[in-house]
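Notes for the structure review
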Amino acid sequence: MYPVNSIGIKVVAAESRIENREDVAAELDAVKPTHVLMSAGITGRPNIDWCEDHKPETLRVNVIGTLNVADLCYMRDIHCTIYATGCIFKYDEEHSLGSGVGFKEDAKANFDGSFYSETKGYMEPMLKCYPNCLILRVRMPISDDLIHRNFVTKIVKYERVVNIPNSMTVLHELLPASLAMAQKGLTGVYNFTNPGVISHNQVLDLYTKYIDPTYHYKNFTVEEQSKVIKAGRSNNELDTTQLMKDMPEGIVINDIQTAVELCFQRMKVNLTEMGWLPDNMPEEFVREPLSS
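In this report, the structure presented in the accompanying data block is examined.

A look at the packing of aromatic side chains
Taken as a whole, this structure holds six aromatic pairs when the rule is applied. Between Tyr74 and Tyr130 the ring centres are 5.8 Å apart and the planes differ by 70°, which places this aromatic pair in the edge-to-face class. With Tyr74 in helix H3 (residues 55–75) and Tyr130 in the loop between helix H4 (115–127) and strand E5 (133–138), this pair connects stretches of sequence that are 56 residues apart. Between the aromatic rings of Trp276 and Phe285, the centroid separation amounts to 6.0 Å while the plane-to-plane angle is 45°, which identifies the pairing as tilted.

Here you go:
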């Protein structure tokens, strides 16, 4: 048990696996928390294509496990924050690419192109039945480092990327927001992204600007992408009006363009302190120079 920064909140890192209901129940009874924050889930390695060939395992964690936590917390009157996903939508006629019209919290999932997204799509209506749950639709999370789960890390390693504007979540800004929302007792579904959209190219251009000026990339179409992946990928814009309206006082959430640029500025400092910059990046991040 340890405090989070200087705000005096005591935190216990769970040891039980969410698919093991009895273990989760025993841990909740031993710790007796006032709030639970649940980010566990299976996305697969190296990516969600894994779920296509491991459907029972995916269901066991993403559906049964998530419901275990929500239900057990409900039975004990514990506020439960679920870090869910906004990758259950795709651009459509009413929410077209470039229109600025995002999916709102009451929108029904319209994307099931991957088994991962399919499970998340039918999880959300079930979670909404629990009045103790705060359900946060995270998308393409970006952190201030190059940990393998960082959206930046993933696309930097790809030889080619699609260039589609998307809603994304900068964790440096939104994780503190989730704590404040939980403390405030908010419940229900929230689109949990920075306002606005940013494209893959814009993210990689900022990576080139701040991290590796020699980095280069190529684009390909969604149709070309579909030939090299097992499962489809969600692309969408989420409306953050409700999130910003209900955000507790003192929490700053920048638009996604500003937030990602600030993120890369912090990343540059972090990687320099780690000794990766200016010229000691791990081989997995290094690209061969373009031929002249």
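Topic: the sheet that holds strand E4 (residues 79–85)
Strands sit in the order E3-E4-E5-E7 across an open sheet of four strands; the sheet is parallel. Two strands in the sheet have a free side with no partner beyond their single neighbour: strand E3 (35–38) and strand E7 (188–191). Geometrically, the sheet is characterised by an average inter-axis angle of 20° between neighbouring strands, direction not taken into account. Note that E4 and E5 share six bridges and pair parallel. Each bridged residue has a counterpart across the sheet, and for Tyr83 the counterpart in E5 is Leu136.

Comments concerning empty space enclosed by the protein
Under the defined criterion, the tally for this structure stands at one cavity of 30 Å³ or more. Around the largest cavity, the lining is made up of 13 residues, and of these Ala84, Thr85, Lys120, Met123 and Leu127 lie nearest the centre. When residues of the lining of the largest cavity are traced back to their parent elements, those giving at least two are H3, E4 and H4. Its residues assigned to classes, the lining of the largest cavity comprises eight nonpolar, three polar and two charged.

Let's talk about the environment of Lys227
Mapped onto the elements of the fold, Lys227 is located in the loop between helix H8 (222–225) and helix H9 (241–246). Separated by 162 residues in sequence, Lys227 and Gly65 have C-alpha atoms that sit 32 Å apart.

Here's the deal with the nonpolar core
Ranked by size, the top nonpolar core spans 28 residues in total, and within it Tyr207, Ile211 and Phe264 carry the most contacts. Mapped by element, the contributors of at least two residues to this core are helix H5 (151–156), helix H7 (200–210) and helix H10 (256–274). Here the element with the most residues in this core is H10; it accounts for seven residues. Among the nonpolar cores identified, the runner-up in size contains 27 residues, and Ala70, Cys80, Ile82 and Tyr116 belong to it.

The rules behind the values
- Residues numbered from 1 in each chain as written.
- Predicted model: local features only at pLDDT ≥ 70, side-chain atom pairs only at ≥ 80, totals over all residues.
- Heavy atoms only, no water.
- Phe/Tyr/Trp six-rings, centres within 6.5 Å; stacked < 30°, edge-to-face > 60°.
- Helix = DSSP H or I, 4+ residues; strand = E, 2+ residues; numbered from the N terminus.
- Pairing = 2+ DSSP bridges.
- Axes fitted to C-alpha atoms, helices over the stretch in contact; angles between N-to-C directions.
- 1 Å grid on protein atoms, 1.4 Å probe; cavity = no way out; pocket = protein on both sides within 12 Å on 5 of 7 lines; lining within 4 Å.
- Points joined across faces, edges and corners; volume = space filled by probe spheres on them.
- Nonpolar A, V, L, I, M, F, W, Y, C, P; charged D, E, K, R; others polar.
- Core = buried A, V, L, I, M, F, W, Y, C linked by side-chain atoms within 4.5 Å.
- Buried < 20%, exposed > 50% of the residue type's maximum accessible area, 1.4 Å probe, protein only.

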